Amino acid sequence: MWPFSLQRRYLHSSLCLMKKLKGKTSAEQRWLQRQLKDPYVKASHAQNFRCRSAFKLLEIDDKFRLLQPGYSVVDCGAAPGAWSQVAVQRVNSTGTDPELSRGAVVGIDLLHVPPLDGAHFLSSHDVTDPATHTKLLELLPHGRAHVLLSDMAPNASGFREMDHEKLITMCLSLIDLAEKILRPQGSLVCKYWDGILTHKLQDKLSSVFGSVRTLKPDASRKDSAERYFLARMYRESVR
Ligand SMILES: C[S@@+](CC[C@H](N)C(=O)[O-])C[C@H]1O[C@@H](n2cnc3c(N)ncnc32)[C@H](O)[C@@H]1O
């Protein structure tokens, strides 16, 4: 059983959602019902994460141990900030554990990302813009990251193929970013929507990373085309 304060917070946010959806379409009502039943939504409230996506990264990191204390992490498509919350904890970027090395987290989003201790956010920045890359080089310790995370997603148009192609193009741009900032042997986690161009992205990643695998975390909705590539062992020779 949750403490009373958490129950109250959950009830409050549920009521807020209901108020927002009053008079809205049946699709929106269905979305609300799904949110209220979703165990990851409940858990994100209980554990103070900004959204349920935190559990996707937690699951990936519990399995592959990508985020180590002292590491520098770039979080692409960071808003509202749940992946950055996970990264801050795991790389010890607030210095909470003085026994461990202190890492760094830089998040980027087109939207505003509310401040978070231990993270530096580049709000209103486009990950694909070379000017953003220049800022990242300045912000990262030694201008390099150990891990590049991307949970980026374009606004869905509803046309599955078009959205798929758009997201694949965004993921491909991460390879250019990796060339500028990723350390040799570094890792990349990127979200994509499965479709006809998935192999193109996989081939490109395989050309610059020693290992590439596909992940579908439990927290990723079963009925969604969402997948993640985990690419490890970035090759030094490409720079
Ligand atoms: C699914 S949300 C990310 C959720 C985030 N991982 C979290 O845990 O809070 C996807 C985000 O990608 C951002 N995005 C989409 N295209 C982008 C771009 N070109 N540059 C930066 N951010 C982008 C969107 O604004 C959106 O906030």
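Each remark here, short or long, concerns the structure printed above.
My aim in this report is to walk through the structure given alongside it, one point at a time. (Residues numbered from 1 in each chain as written. Predicted model: local features only at pLDDT ≥ 70, side-chain atom pairs only at ≥ 80, totals over all residues. Heavy atoms only, no water.)

### Points about the pattern of salt bridges
Counting across every chain of the model gives 7 salt bridges. Glutamate 226 is paired through a salt bridge with lysine 56; the nearest N and O atoms lie 3.0 Å apart. Here lysine 56 lies in helix H4 (residues 54-64) and glutamate 226 lies in strand E7 (residues 226-234), a separation of 170 residues in the sequence. For lysine 56, a relative accessible area of 7% translates into the label buried. Between lysine 191 and glutamate 226 there is a salt bridge, and its shortest N-O distance comes to 3.3 Å. A residue pair is termed long-range when its members are at least 10 positions apart, and lysine 191 in strand E5 (residues 182-193) and glutamate 226 in strand E7 qualify at 35 residues. (Salt bridge = Lys/Arg side-chain N within 4 Å of Asp/Glu carboxyl O. Helix = DSSP H or I, 4+ residues; strand = E, 2+ residues; numbered from the N terminus. Buried < 20%, exposed > 50% of the residue type's maximum accessible area, 1.4 Å probe, protein only.)

### What to know about the environment of alanine 87
Counting through the fold element by element, alanine 87 comes out in helix H5 (residues 82-91). For alanine 87, a relative accessible area of 0% puts it in the buried group. Contacts of alanine 87, omitting those with residues within four sequence positions, involve Leu67, Val73, Asn92 and Val105. (Contact = heavy atoms within 4.5 Å.)

### Points about the site of the ligand
In the vicinity of the ligand lie 20 residues, with Ser53, Ala82, Asp109, Asp126 and Asp151 positioned nearest. Backbone polar atom of alanine 78 to an oxygen atom of the ligand: 3.3 Å apart, as the coordinates give it. A distance of 3.0 Å separates a nitrogen atom of the ligand from a polar backbone atom of valine 127. Here the residues of the shell around the ligand sort into 12 nonpolar, 4 polar and 4 charged. (Near = heavy atom within 4 Å. Polar contact = N/O pair within 3.5 Å; in protein donor to acceptor, adjacent residues only side chain to side chain. Nonpolar A, V, L, I, M, F, W, Y, C, P; charged D, E, K, R; others polar.)

### Re H5
Helical geometry: 3.6 residues make up each α-helical turn, so side chains three or four residues apart lie on a common side. Where burial is concerned, most of H5 is hidden: 8 out of the 10 residues are buried. A positive backbone phi angle near 60 degrees is found at asparagine 92, which sits one or two residues after H5.

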